[in-house]
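An overview of the molecular structure
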2 protein chains.
Amino acid sequence: MSDTPQQARPAANRTVFFVSDGTGITAETFGHSVLTQFDLKFKQIRLPFIDTLEKAHEAVRKINDAYTAEGNRPIVFSTLVKTDLAGVVFKSRGLHMDLIQTFVSPLEQELGVKSTHTIGRSHNITDSEEYKNRIEAINFSLAHDDGQSNKNLSTADVILVGVSRSGKTPTTLYLAMQYGIKAANYPLIPDDFERGKLPSALPEFKSKIFGLSIAPERLSEIRNERRPGSKYASLENCRYEVNEAELMMKREGIRWLSSTAKSIEEISTTILQEIKSDVRIY
Amino acid sequence: MSDTPQQARPAANRTVFFVSDGTGITAETFGHSVLTQFDLKFKQIRLPFIDTLEKAHEAVRKINDAYTAEGNRPIVFSTLVKTDLAGVVFKSRGLHMDLIQTFVSPLEQELGVKSTHTIGRSHNITDSEEYKNRIEAINFSLAHDDGQSNKNLSTADVILVGVSRSGKTPTTLYLAMQYGIKAANYPLIPDDFERGKLPSALPEFKSKIFGLSIAPERLSEIRNERRPGSKYASLENCRYEVNEAELMMKREGIRWLSSTAKSIEEISTTILQEIKSDVRIY
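This one's a predicted model, so the numbers in the text were calculated from it and none came from an experiment.

**Quick notes on the overall build of chain A**
What chain A contains, in helices and strands, is 10 helices and nine strands. In summary, chain A has a C-alpha radius of gyration of 24 Å against a globular reference of 19 Å for 282 residues, an excess of more than 25%. For the C-alpha atoms alone, the extent of chain A along its principal axes is close to 70 × 45 × 30 Å. Looking at the 282 residues of chain A, the share that counts as buried comes to 59%. Taking contacts inside chain A between residues at least 6 apart in sequence as the whole, the part at least 24 apart equals 71%. When the accessible surface of chain A is totalled, it reaches about 11600 Å², and 49% of it is carbon and sulfur. Between the averaged position of the 36 positive side-chain charges in chain A and that of its 36 negative side-chain charges there is a distance of 1 Å.

Below is the structure:
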């Protein structure tokens, strides 16, 4: 996951550990959000798959070693579900941020049921419908990248359009990987602008088309990294393409957003809202 | 993110909200981890980009409406950094799980500095080195998918090998998207087994090759979804390919793991540990 620019941050001289009986991705994603509230640089160590007492003791040794080396209490974000493992790790000399227990206890009270204390999401994931949908969506998005295929567009959840290098491919892959959304993408190219029409496979699916635009200056920068000095990358050509693409999207009534200063996560979240995919039942 | 199988879960008749001034991805990922500790089904609603007082009041209305409709307190996971926005949302009739303040306050005390209370990761992300690396890694992984290109393999962080449909492509994309890891992947195919050698571009990069294997039964299942009844998908052929691939990896001294019951997150985390990428400084 991304982060604000770090160049100017002073070092905290302190290690942060992400400890989990699974991948540690939740602990790490969440810990980053909290740590970005501080203008400090931290050394960060992921300790995933801590699922036996032996590994828990080994984690404690690593945390205590960091304390000894730095003279500062390490910060420990953990998502250990099993109480016996958590009990071992919590005896380390770190400052413990227990993500599960902090919130599970009040929820148990509110819901009037006990939590299951299983090892979270790491069991049988690959058998779940949701996981299979994600893998299927990744395959779909790859097969329908850059207008490669017109097949099965009727099963797409969303079709992204935009000029080359406006951010379509990373966004479709993110939507697929994170949310199981089947996303195709089509480039809008000078041929389309001359014809004054969308690529021929698209008009019948207009209700699920979503556009990405981008500031011509930024586009020129990105294209110059790929093909320095080319006409393709020139500011003049980028201005032409972006202008034509925006005119076409307006004419066709296609919703669009500017990807210029947005991360793929932000673009994806906005698209999910547009296609009304922000309500789910688990 | 994935979840344990839900078929058997009774409905909690209760709505969960993920409220954020950014994408809400952190609140949602984390909230899922906590909710999977309960054998209940929840209706889940993401409320991203709550970054004005007006939107905060609108969020409160939605939360209160859910209370009225269901007769149960909604559960609210929030990552609102600005205290004025958080102050509004916390007045709703939900049960509030405040991910930021819960952990930021003890951290302020421990570190002896105040937090910046910026809107987390959503500003300037796209200018950061880390973000650029992720986008570059996605492009690299796409260009080097399925042995498409031998160019620039020296700049790859990892090269995955394995039989067709063993999970290489989703894993390389996940490594790129989540961690900015440049991951190429090469299929091991019957031609390679007959020659008894790795694809010719690979031997010089052996130190960064990592293998995926898979149970032949599972492989046959996956391949049958794509090409039902084919020789390619037959159990006999899958047994042959998997056996040959494992023999080759053993002979060449290539580390490998079985992807059979592992999610792409678990495979990726294991590979990161192997390539010693689990320590980072931010």
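Now that the structure is up, let's keep going.
**Here's the deal with the packing of aromatic side chains**
Applying the stated criterion across every chain yields a total of 12 aromatic pairs over all chains. With centroids separated by 5.9 Å and ring planes inclined at 20°, the aromatic side chains of Phe18 of chain B and Phe77 of chain B adopt a geometry described as stacked. One end of the pair, Phe18 of chain B, is in strand β1 (residues 11-20); the other, Phe77 of chain B, is in strand β3 (residues 75-79), and 59 residues separate them in sequence. Across this residue pair, the class does not change: Phe18 of chain B and Phe77 of chain B are buried. Ring geometry for Phe30 of chain B and Phe77 of chain B: centres 6.4 Å apart, planes at 85°, overall edge-to-face. In this pair, Phe30 of chain B is assigned in helix α1 (residues 25-35) and Phe77 of chain B in strand β3, connecting sequence segments 47 residues apart. Exposure remark for Phe77 of chain B: the relative accessible area of 0% places this residue in the buried category. Ring-pair connections join several aromatic residues into one group, and the members of that group are Phe18, Phe30, Phe77 and Phe103 of chain A together with Phe18, Phe30, Phe77 and Phe103 of chain B. When the ring centre of Tyr232 of chain A is taken as origin, the NZ or CZ atom of Arg227 of chain A, which lies over that ring, is 4.2 Å away. Taking NZ or CZ as reference, Arg223 of chain B lies 4.2 Å from the ring centre of Tyr232 of chain B, over its face.

**So, the packing of helix α6 (residues 168-179) of chain A against helix α10 (residues 264-274) of chain A**
Residue and element names in this part refer to chain A. Remark: α6 packs on α10, axes separated minimally by 9 Å, with the N-to-C direction vectors making an angle of 70°. Viewed along their axes, α6 and α10 adopt a mutual orientation that is roughly perpendicular. α6 and α10 meet at a crossing whose hand is right-handed. On α10, the residues touching Pro170, Thr171, Tyr174, Leu175 and Tyr179 of α6 are Ile264, Glu265, Ile267, Ser268, Ile271 and Leu272.

**Some details on the nonpolar core**
The nonpolar side chains of a soluble globular protein tend to be buried, and buried together. Of all hydrophobic cores here, the largest spans 44 residues; its most connected members are Val158 of chain A together with Val158 of chain B. Not counting residues within four places of it along the chain, the set of residues in contact with Val158 of chain A comprises Leu175, Ile181, Lys182, Ala183, Ala184, Lys208, Phe210, Ile271 and Ile275 of chain A. Counting residues in each nonpolar core, the second largest holds 42 residues, with Phe42 and Ile100 of chain A together with Val81 and Leu99 of chain B among its members.

**A closer look at the sheet that holds strand β8 (residues 255-258) of chain A**
Residues and elements named next belong to chain A. Reading across from one edge, β6-β5-β7-β8 is the order of the four strands in this open sheet, with parallel pairing throughout. Whereas interior strands pair on both sides, the edge strands pair on one side only; in this sheet they are β6 (183-187) and β8. Neighbouring strand axes in the sheet, compared pairwise and without regard to direction, differ in orientation by 25° on average. The pairing of strand β5 (residues 158-162) with β6 spans five bridges and is parallel. From the neighbouring strand, Ile159 faces β6, where its bridge partner is Ala184.

**Some words on the domain arrangement of chain A**
Taken as a whole, chain A is organised into domain 1 (11-122) and domain 2 (126-274). For domain 1 of chain A versus domain 2 of chain A, the separation of C-alpha centres amounts to 38 Å.

**Thoughts on the environment of Arg227 of chain B**
All names here are of chain B. Along the polypeptide, Arg227 turns up in the loop between α8 (216-226) and α9 (235-252). Relative accessible area serves as the criterion here: at 47%, Arg227 is assigned to the partly exposed category. Sequence spacing of Arg227 and Gly180 is 47 residues, and the spatial spacing of their C-alpha atoms is 33 Å. Ignoring anything within four residues of it in the chain, the contact list for Arg227 reads Tyr232 and Ala233.

**What about the UniProt feature "binding site: ADP" (unreviewed entry) in chain A?**
All names here are of chain A. Here the UniProt-annotated "binding site: ADP" (unreviewed entry) positions come out as Gly162, Val163, Ser164, Arg165, Ser166, Gly167, Lys168 and Thr169. Here Val163 shows up in the loop between β5 and α6. Among residues more than four places away in sequence, those in contact with Lys168 are Leu160, Val161, Gly162, Val163, Asn185, Tyr186, Pro187 and Leu212.

**Observations concerning the side chain of Ser166 of chain B**
Residue and element names in this part refer to chain B. Summarising the element assignment, Ser166 is placed in the loop between β5 (158-162) and α6 (168-179). From its side chain, Ser166 meets the backbone oxygen of Val163 in a polar contact 2.8 Å long. For Ser166, the contacting residues outside a window of four places in its chain are Leu212, Ile214 and Ser259.

**Quick look at the sheet that holds strand β6 (residues 183-187) of chain B**
Hydrogen bonds along the backbone pair up the strands of a sheet, which may run parallel or antiparallel. Residue and element names in this part refer to chain B. A sheet is described by the order of its strands in space; here four strands give the open sequence β6-β5-β7-β8, paired in parallel fashion. Every interior strand has two partners, whereas the edge strands, β6 and β8 (255-258), have only one. In this sheet, neighbouring strand axes are inclined to one another by 25° on average, regardless of whether the strands run parallel or antiparallel. Pairing between strand β7 (residues 209-213) and β8: four bridges, direction parallel. Looking across to β8, one finds that Gly211 is bridged to Trp256. The strands that α6 touches are β5, β6 and β7; relative to β6, the one it contacts most, it runs at about 175°.

**What about the side chain of Arg223 of chain A?**
Residues and elements named next belong to chain A. Considering the arrangement of structural elements, one finds Arg223 in helix α8 (residues 216-226). Here the side chain of Arg223 touches Glu241 through a polar contact of 2.9 Å, side chain to side chain. When residues no more than four places from it in sequence are discounted, the contact partners of Arg223 are Val163, Ser164, Arg165, Tyr232, Ala233, Asn237, Cys238 and Glu241.

**Section: the packing of helix α5 (residues 129-143) of chain A against α6 of chain B**
Two elements in contact, α5 of chain A and α6 of chain B, have axes separated by 10 Å at closest approach and are oriented at 85°. In terms of their interaxial angle, α5 of chain A and α6 of chain B are classed as roughly perpendicular. Across the interface between the two elements, Ile135, Ile138 and Leu142 of chain A of α5 of chain A pack against Thr169, Pro170 and Leu173 of chain B of α6 of chain B.

Definitions and limits used
Residues numbered from 1 in each chain as written. Chains lettered and ligands numbered in written order. Predicted model: local features only at pLDDT ≥ 70, side-chain atom pairs only at ≥ 80, totals over all residues. Heavy atoms only, no water. Helix = DSSP H or I, 4+ residues; strand = E, 2+ residues; numbered from the N terminus. Rg over C-alpha atoms; globule rule 2.2 N^0.38 Å. Buried < 20%, exposed > 50% of the residue type's maximum accessible area, 1.4 Å probe, protein only. Contact = heavy atoms within 4.5 Å. Areas by Shrake-Rupley, 256 points an atom, 1.4 Å probe, with all protein chains shown as cover. Lys, Arg positive; Asp, Glu negative; His and termini not counted. Charge placed at Lys NZ, Arg CZ, Asp CG, Glu CD. Phe/Tyr/Trp six-rings, centres within 6.5 Å; stacked < 30°, edge-to-face > 60°. Lys NZ or Arg CZ within 6 Å of the ring centre and 35° of its normal. Axes fitted to C-alpha atoms, helices over the stretch in contact; angles between N-to-C directions. Parallel < 35°, antiparallel > 145°, perpendicular 65-115°, else oblique. Left-handed = near helix turned anticlockwise from the far one by under 90°. Core = buried A, V, L, I, M, F, W, Y, C linked by side-chain atoms within 4.5 Å. Pairing = 2+ DSSP bridges. Domains from an automatic or database assignment. UniProt positions renumbered as here; feature names shortened; annotations may be inferred. Polar contact = N/O pair within 3.5 Å; in protein donor to acceptor, adjacent residues only side chain to side chain.

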